[in-house]
Amino acid sequence: MNSPVLEIAGLARSFTQGGQTIHVLRGVELAIAPGEIVALLGPSGSGKSTLLQAVGLLEGGFEGSIRIAGTEAARLDAHGRTAVRRDALGFVYQFHHLLPDFDASENVVLPQLIHGTERTPAEARATTLLTALGLGHRLTHRPSQLSGGEQQRVAVARALANRPALVLADEPTGNLDEATADVVLAEFLRLVREEGSAALVATHNERIAGKMDRVVRLHEGVLA
Ligand code: ADP
Ligand code: MG
């Protein structure tokens, strides 16, 4: 494959609580090629979110190697991790985590300003992405004025705003009814493909996983 956008080796993570240690990840190995969309499938509690949090460089406490777009990210200091998150990664969570006081467009513009993009092209890109997701008429609506499916579409546009090499999505449609989830997921996958980003998408749903390019299963702390 082309130089992978994500290469995980020997990733291990355990939690100790009340003197008891649970080994959630026990040596995860995974490589994702540029533009590849991979489903991370496993039942609730299998460690999907723990794996995505490690790859998202949100917290330390794990062992192993995580190469993101060629950079060994696991060993970076906080400043370096922030730079990789900002420049190479996009995030979609189960709950949208949009900024409530800003409208849909601003929620997609702000990460671009932080990235260093000028306001005019940032606004143009926000309009393009939101329009591609059918929200061209909702640009000035705040999250509270949008439906759950619309909120998740804004979160998708925000995740793609800085053209990340890799999008990390944790049960991105898990909070939506099944019909809405199917539509939003299809739009998410189409836009990720159009943009040429790769994605790692956690889900406990076999049917949803089947829509991706490849499925990896998390079982007893390793990927099959
Ligand atoms: P999934 O996303 O697949 O449902 P998680 O990664 O959230 O699974 O959790 C995997 C296991 O790790 C669970 O048993 C959970 O209780 C445990 N776990 C996750 N985060 C923590 C934490 N911060 N402290 C203690 N245990 C945790
Ligand atoms: Mg989870």
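A short tour of the structure in this document, coming up.

The rules behind each value
- Residues numbered from 1 in each chain as written.
- Chains lettered and ligands numbered in written order.
- Predicted model: local features only at pLDDT ≥ 70, side-chain atom pairs only at ≥ 80, totals over all residues.
- Heavy atoms only, no water.
- Core = buried A, V, L, I, M, F, W, Y, C linked by side-chain atoms within 4.5 Å.
- Buried < 20%, exposed > 50% of the residue type's maximum accessible area, 1.4 Å probe, protein only.
- Helix = DSSP H or I, 4+ residues; strand = E, 2+ residues; numbered from the N terminus.
- Contact = heavy atoms within 4.5 Å.
- Expected span 1.5 Å × (residues − 1).
- Arc of directions from axis to C-beta.

Remarks on the nonpolar core
Next, step 1: Val92, Val108, Leu130, Val154, Phe188 and Met212 are the most contacted members of the largest nonpolar core, which has 35 residues in total.
Next, step 2: For this core, the elements supplying multiple residues, two or more each, are β3 (37-41), α3 (104-115), α4 (119-132), α5 (148-160), β7 (166-170), α6 (178-195), β8 (198-203) and α7 (206-209).
Next, step 3: Among the elements that line this core, the one with the most residues is α5, at 6 residues.
Next, step 4: Setting aside chain neighbours within four positions, we find valine 92 in contact with Gln152, Ala155, Val156, Ala159, Val167, Leu168, Ala169, Asp170, Pro172 and Phe188.
Next, step 5: Leu40, Phe62, Phe91 and Ala198 belong to the second-largest nonpolar core, a separate cluster that totals 33 residues.

Some details on α4
Next, step 1: Spanning 14 residues, α4 covers 20 Å between terminal C-alpha atoms, matching the ideal 20 Å at 1.5 Å per step.
Next, step 2: Listed as buried for α4 are Ala122, Arg125, Ala126, Leu129 and Leu130. In a view along the axis of α4, the buried residues occupy a sector of 125°, so they form one face of it. Facing away from the buried surface of α4 by more than 90 degrees, the exposed residues are Thr120 and Thr128.
Next, step 3: In this structure, the buried residues of α4 make contact with α3, α5 and α6.
Next, step 4: Positive backbone phi, at 80°, marks glycine 134, one or two positions downstream of α4.

Note that every value here comes from positions in space, so none of it alone points to a role or purpose.
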